[in-house]
Amino acid sequence: MFSKIIFTFITRFSSSLIGFLLVILTAHAIGAEGRGEISLIILGTAITLLISSIIGGNAIVLLAPSTPAFKLLVPSYGWAVISISITTALLHFTGLIPHQYSIHIFIISMLQAIASIHMSMFIGKQQIKLYNIMNLLQVFLLFTMAVIFYYFLKHQDVIHYVIALYISFAIQAVATTWFIYRDIEFTNLSGTNEIVKKILENGLIIQLCNVVQILNYRLCYFILEETHGLTSLGIFSTASIVAESVWLVSRSISLVQYSGIVNSSDKEYNRLLTVRMSKLSLFGSILVMLPVLILPSSFYGWVFGEEFRVITEPLWIYAPGILALSFATVLGHYFAGLGLNKVNLLGSVIGFIITLIASLILIPKWGINGAAMSVCLAYCVHSLYLFLKFRTHTSFKINELWPTADDYIYLKKGIGTFLGRS
């Protein structure tokens, strides 16, 4: 398992590094206002993908070990077409996405949904390595195309970033399709209604949780853009990307932990695994966060452009919430792996309510810093809720948070195994 975590970390670190370079490239090419537009486009595709994943997301992970793949894929594709069409239309007519990019958001979301469905199957089958490679492929292609458009061809507009998104997600969709269908067994669709019912029983709550969670993460984007404009949004979204890069540690760990819990029925193993992984996640996240905070504003101005020198202050405001959620992400995946998705849903709802109230109060007055305060507060309360629920559910003791000799041995053995020394 530790080998999977390290491989996942390496691929996600590579993806994050490429993504970071992509932010630098676009910040210099199209400035803070352009970054603001890109943020709204990415947010639009993220929302449509979350709705399409009600059938085709994490519920597939839970059912993949025991259900024929073909019977999971067919309803997932159908729902993706319906849900993305409706969601994109709603986002368009409510003005939450730039109107000129609505059709692009629809097509990109469809490509992304196809790949996402296939990659959920990979996780359910514990094909973590393939899942990570496909993620890295998309980010690498996006960066490569952006370099060609912005650096070599000298295009200085948002639409060429959109074209790069088209190319990267199209190739990812084709690649994942090949890996899925090379081994698939085509069966009749008898019993599909029952399977869809099972998917909805799990997927509806999971994706409702994810929808609320992304609103928790990104609601402040809409309010900041409305009250302070696209330039402020571009600066804050860049600060968010820098701060949230710390989550590559917790997301790498929790992905492998989640896959393991889904395939395990040992309650004590699941509990001990979660406690150990949460400590590892917090410690690793602190190590990654320190250089992010120590770097001076002049460094960020040099990297992203002079408009972005001001991101140092919101990074410090953001940091406690980022670290709290780094710890709590592992706890959330414990409940998800056991199918106790209502716990995560309630946590996300609590966080969303706090984000909404705090954003409406703090952002109009303090702008970018107010947005950072709002999100940090929401993350901390959400994390506290998950911690208390985990403690109640498992009889977890506070002193178990202290690092132990067993943790050190586990870490040393895992690294040795990964490097091929044992």
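Owing to the predicted nature of the structure, the values given are computational and were not obtained by experimental measurement. Residue positions within a chain follow its written sequence, with the count starting from 1. Local features are withheld for residues below a pLDDT of 70 in this predicted model, meaning they are given only at 70 or higher, and side-chain atom pairs are given and counted only at 80 or more; totals for whole chains, interfaces and linings count all residues. As a rule here, side-chain values cover all heavy atoms of the structure and leave hydrogens and water aside.

K.L.:
I tried to follow the overall build of the chain on my own but got confused; where do I start?
P.N.:
Each helix and strand in the chain was counted, giving 13 helices and zero strands. By definition, any uninterrupted DSSP run of H or I lasting at least four residues is a helix, any uninterrupted run of E lasting at least two residues is a strand, and each is numbered from the N terminus. Written out in order from the N terminus, the α and β elements of the chain read α-α-α-α-α-α-α-α-α-α-α-α-α. In this setup the radius of gyration rests on C-alpha atoms only. A globule is expected at 2.2 Å times the number of residues raised to 0.38. In terms of C-alpha radius of gyration, the chain reaches 21 Å, essentially the compact-globule figure of 22 Å for 422 residues. With the principal axes as the frame, the chain shows a C-alpha extent of 55 × 55 × 45 Å. Across the 422 residues of the chain, 56% fall into the buried class. Any two residues having at least one pair of non-hydrogen atoms within 4.5 Å are treated as being in contact. Excluding contacts between residues fewer than 6 apart, the proportion of contacts in the chain whose partners are at least 24 apart in sequence is 84%. Methods summary: accessible areas were calculated by the Shrake-Rupley approach with a probe of 1.4 Å, and residue burial reflects only the protein chains presented. Carbon and sulfur atoms make up 69% of the accessible area of the chain, which amounts to about 18,200 Å² in all. Positive and negative side-chain charges of the chain, numbering 25 and 18 respectively, have mean locations separated by a distance of 10 Å. Accessible area is worked out with a 1.4 Å probe on protein chains only. A residue is then buried under 20% of its type maximum, exposed over 50%, and partly exposed in between. For this count, His and the chain ends are skipped, Lys and Arg are scored as positive, and Asp and Glu as negative. One atom stands in for each charge, and that atom is NZ of Lys, CZ of Arg, CG of Asp or CD of Glu.

K.L.:
Mind showing me how you'd approach the packing of helix H4 (residues 102-124) against helix H6 (residues 159-181) here?
P.N.:
Any two packed helices are characterised by the angle at which their axes cross and by the distance between the axes. Axis angles are defined between N-to-C directions and span 0 to 180 degrees, where every axis is a line fitted to C-alpha atoms and, for a helix, only to the segment in contact. Two numbers describe how H4 lies on H6: the axes approach to 9 Å, and their chain directions differ by 30 degrees. The orientation of H4 relative to H6 falls into the category roughly parallel. The handedness of the crossing between H4 and H6 comes out as left-handed. Note that Gly is not counted as nonpolar here; it falls among the polar residues with everything else outside the nonpolar set of Ala, Val, Leu, Ile, Met, Phe, Trp, Tyr, Cys and Pro and the charged set of Asp, Glu, Lys and Arg. Partitioning the contact of H4 with H6 into residue classes produces 19 nonpolar, six polar and no charged. Each angle gets one of four labels, with under 35 degrees taken as roughly parallel, over 145 as roughly antiparallel, 65 to 115 as roughly perpendicular, and the rest as oblique. Two helices that cross are described as forming a left-handed crossing if the nearer one is turned anticlockwise from the farther one by less than a right angle, and a right-handed crossing if clockwise.

K.L.:
What is the right way to read the packing of aromatic side chains from this model?
P.N.:
Working definition: an aromatic ring pair is given by the centre-to-centre distance plus the angle between the planes. Each Phe, Tyr or Trp ring, with Trp reduced to its six-membered ring, pairs with another whose centre is within 6.5 Å; inter-plane angles below 30 degrees give stacked pairs, above 60 give edge-to-face pairs, and intermediate values give tilted ones. Per the counting criterion, the structure on display carries 15 aromatic pairs. Ring geometry for Phe299 and Trp302: centres 6.1 Å apart, planes at 50 degrees, overall tilted. On the criterion of helical spacing, the pair formed by Phe299 and Trp302 is a turn pair, its members being three residues apart in helix H10 (residues 297-304). By relative accessible area, which is 28% here, Phe299 ends up partly exposed. When its relative accessible area of 66% is taken as the criterion, Trp302 is described as exposed. With 5.1 Å between their ring centres and 90 degrees between their planes, Tyr334 and Phe390 make a pair best called edge-to-face. Taken together, the positions of Tyr334 in helix H11 (residues 312-337) and Phe390 in helix H12 (residues 341-394) put the pair 56 residues apart, joining distant regions of the chain.

K.L.:
Where do I start with the state of the cysteines in this structure?
P.N.:
What is meant by a disulfide is a covalent connection between two cysteines, made through their sulfur atoms. Sulfur atoms of two cysteines make up a disulfide when they are within 2.5 Å. Tallied over the full model, the rule gives zero disulfides. Unpaired in this structure, Cys220 has its nearest cysteine sulfur neighbour in Cys376, at a distance of 12 Å. This cysteine, Cys380, is not joined by any disulfide, and Cys376 carries the nearest cysteine sulfur, 4.2 Å off. Given a relative accessible area of 30%, Cys380 falls into the partly exposed group.

K.L.:
What is the right way to look at helix H5 (residues 128-152) in this model?
P.N.:
By definition here, a helix of n residues has an expected span of 1.5 Å times n minus one. Under the 1.5 Å per step criterion, the end-to-end length of H5 is 35 Å for 25 residues, consistent within 8% with the ideal 36 Å. At the exit of H5 stands Lys154, carrying a positive phi of roughly 65 degrees.

K.L.:
Honestly, the pattern of salt bridges in this entry has me stumped. Any pointers?
P.N.:
When the charged atoms of two side chains with opposite charge come close together, those side chains can pair. Salt bridge, as applied in this entry: a Lys or Arg side-chain nitrogen positioned within 4 Å of an Asp or Glu carboxyl oxygen. On inspection of all chains with the given rule, the structure shows three salt bridges. Note that Arg271 and Glu268 form a salt bridge whose closest N and O atoms lie 3.2 Å from each other. A residue pair is termed a helical-turn pair when its members lie 3 or 4 positions apart in one helix, as Arg271 and Glu268 do in helix H9 (residues 267-294) at three residues.

K.L.:
Whenever I open this one, a nonpolar patch on the surface confuses me. Can you help?
P.N.:
Put simply, a patch holds well-exposed residues, over 30% relative accessible area, that have no salt bridge, with like charges counted together within 9 Å and Val, Leu, Ile, Met, Phe, Trp or Tyr side chains within 5 Å. Taken together, the side chains of Phe9, Ile10, Phe13, Leu17 and Leu21 define a hydrophobic patch exposed on the protein surface, amounting to about 410 Å² of accessible area. Mapped onto the secondary structure, Leu21 falls in helix H1 (residues 2-52).

K.L.:
Before we go on, may I ask you to explain the side chain of Ser285 in this structure?
P.N.:
Relative to the helices and strands, Ser285 resides in helix H9. Ser285 gets classed as buried once you look at its relative accessible area, which sits at 0%.

K.L.:
Sorry if this is basic, but what is going on with the packing of helix H8 (residues 247-262) against H11 here?
P.N.:
Direction vectors running N to C along H8 and H11 enclose 10 degrees, while the axes themselves pass 8 Å from each other. Comparing the axis directions of H8 and H11 gives the class roughly parallel. The handedness of the crossing between H8 and H11 is right-handed. Within the contact between the two elements, H8 uses Trp247, Ser250, Ile253, Ser254, Gln257, Tyr258, Ile261 and Val262 and H11 uses Ile322, Leu325, Ser326, Thr329, Val330, His333, Tyr334, Ala336 and Gly337. For the contact of H8 with H11, the class distribution of residues is ten nonpolar, seven polar and no charged.

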